[in-house]
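# Reading the structure
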Amino acid sequence: MQIDWQKGLIPVVTQDENGEVLMLAYMNEEAFKLSCESGYAHYFSRSKNRIWKKGESSGNTQKIKQIKLDCDNDAILLKVEQIGAACHTGYHSCFFKELDILGNSRIPSEENSRIPSANTPSYGILDELYHTCLERKLGGDESTSYTAKLYKKSPNSYLKKIAEEACEFALAIKDFKAGTKGEHKETQPAYDIVYEGADVLFHMLVALADVGIHPEQLLNELKRREGLSGLIEKANRKG
């Protein structure tokens, strides 16, 4: 029996050895082959647009114990030995929230069992902020969250901030080169560059999360250009 890869990405439900559902992810044919060959779960990230091995950053790998295929040959059930937390938040399962009939979410007390902080996965600040933006977009309180407030308005709200902060960043560099005293730390004018640059990056993350593009895709694009003359790269651009 063959998997119907013509349908594109295949949804994968992953359970631990006790049958608890850990996560829902997706595989393409290459990710499936890597999973079978290595014995460890590999998935295709839609936001990062690449194959990733579960635990490649955190160490929280999934050793495959069993693979099942549904009746339509277009969905997979994995049973795995989960090392550490399956969820990036530190919970054992990604399904730790409970919805009531009105659609309000809560975390039941019996589910409120994070992996100890020392073992909480670390994915890097860009990934953490990206996922925070996603959470604020879907369920943030605009009365207490600046990010949620940006999302409640039109995209122009954060797009305008990107332009404003980019201008501040440019001016900070200009002031530094001119020997002007620092705005945020008078004796450390270089800090203004760091401060304004962080503002630009943060609002870019807000925008990327809104359109579902992980910041790693930007880093991959820079890597693609590595070793290529900027003049040649620009000349090769379409249009």
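The residue numbers shown here count from 1 along each chain, following its written sequence. Only residues with pLDDT of at least 70 are given local features in this predicted model, and only at 80 or more are side-chain atom pairs given and counted; all residues enter the totals for whole chains, interfaces and linings. To get the side-chain values, take all heavy atoms of the structure and skip hydrogens and water.

### Quick look at the pattern of salt bridges
We define a salt bridge as a contact between a side-chain nitrogen of Lys or Arg and a carboxyl oxygen of Asp or Glu at a distance within 4 Å. Summed over all chains, the structure comprises 12 salt bridges. For Glu81, the salt bridge goes to Lys65, with nearest N and O atoms at 3.6 Å. Here Lys65 lies in strand S5 (residues 62–69) and Glu81 lies in strand S6 (residues 76–82), a separation of 16 residues in the sequence. Of the residues examined, Glu81 reaches a relative accessible area of 27% and is grouped as partly exposed. Here Asp210 makes a salt bridge to Lys137, at a shortest N to O gap of 3.2 Å. Segments assigned H or I by DSSP are reported as helices when at least four residues long, segments assigned E as strands when at least two residues long, and all are numbered from the N terminus. Residue exposure (1.4 Å probe, protein chains only): buried if accessible area is under 20% of the type maximum, exposed if over 50%, otherwise partly exposed.

### Focus on a nonpolar patch on the surface
Residues qualify for a patch when their relative accessible area is over 30% and they have no salt bridge, like charges being joined within 9 Å and the nonpolar side chains of Val, Leu, Ile, Met, Phe, Trp and Tyr within 5 Å. Here the Shrake-Rupley method, with its probe set to 1.4 Å, supplies the accessible areas, and only the displayed protein chains count as covering residues. There is a patch of nonpolar side chains on the surface, built from Val13, Val21, Leu24 and Phe95 and spanning about 320 Å² of accessible area. Within the element layout of this structure, Leu24 appears in strand S2 (residues 21–27).

### Description of the pairing of strand S1 (residues 10–15)
A pair of strands is considered paired only if DSSP assigns at least 2 bridges between the two. Examined bridge by bridge, S1 and S2 share six bridges and lie antiparallel to one another. Paired with Ile10 across the bridge in S2 is Met27. Here S1 hands over to S2 after five residues, with Gly19 in that stretch at a positive phi of 95°. Of the pairings in the sheet, the one linking S1 to S6 comprises four bridges and is parallel in character.

### Some details on helix H4 (residues 156–177)
An ideal rise of 1.5 Å per residue puts 32 Å on 22 residues; H4 measures up with 32 Å between its terminal C-alpha atoms. Residues of H4 that are buried: Ser157, Tyr158, Glu165 and Ala172. The arc that holds the buried residues of H4, viewed along the axis, is 75°, so those residues lie on one side. Away from its buried face by more than 90 degrees, H4 exposes Asn156, Lys160, Lys174 and Lys177. It only takes one pair of heavy atoms within 4.5 Å for two residues to be counted as in contact. As for H4, its buried residues are in contact with helix H3 (146–152) and helix H5 (189–211). Of the residues flanking the end of H4, it is Gly179, one or two places downstream, whose phi is positive at about 80°. Multiply 1.5 Å by the residue count of a helix minus one, and that product is the helix's expected span. Directions pointing from the helix axis toward each C-beta atom define the arc.

### Observations concerning the packing of helix H2 (residues 125–139) against H5
Axes here refer to lines fitted to C-alpha atoms; in helices the fit is confined to the stretch in contact. Angles between the N-to-C directions go from 0 to 180 degrees. In the contact formed by H2 and H5, the axes pass within 9 Å of each other and the chain directions differ by 55°. On the basis of their axis angle, the class for H2 and H5 is oblique. In terms of crossing hand, the pair formed by H2 and H5 is right-handed. Of H5, the residues touching H2 (which contributes Leu126, Leu129, Tyr130, Cys133, Leu134 and Lys137) are Leu201, Leu205, Val206, Leu208, Ala209 and Asp210. Under this grouping Gly is polar, as are all residues other than the nonpolar Ala, Val, Leu, Ile, Met, Phe, Trp, Tyr, Cys and Pro and the charged Asp, Glu, Lys and Arg. Along the lines of polarity and charge, the residues of the contact of H2 with H5 split into 10 nonpolar, no polar and two charged. Relative orientations are named as follows: roughly parallel for angles under 35 degrees, roughly antiparallel for angles over 145 degrees, roughly perpendicular for angles from 65 to 115 degrees, and oblique for any other angle. Take the far helix as the reference: if the near one is turned anticlockwise from it by less than a right angle, the crossing is left-handed, and if turned clockwise, right-handed.

Just geometry here; none of it tells us what the structure is for.
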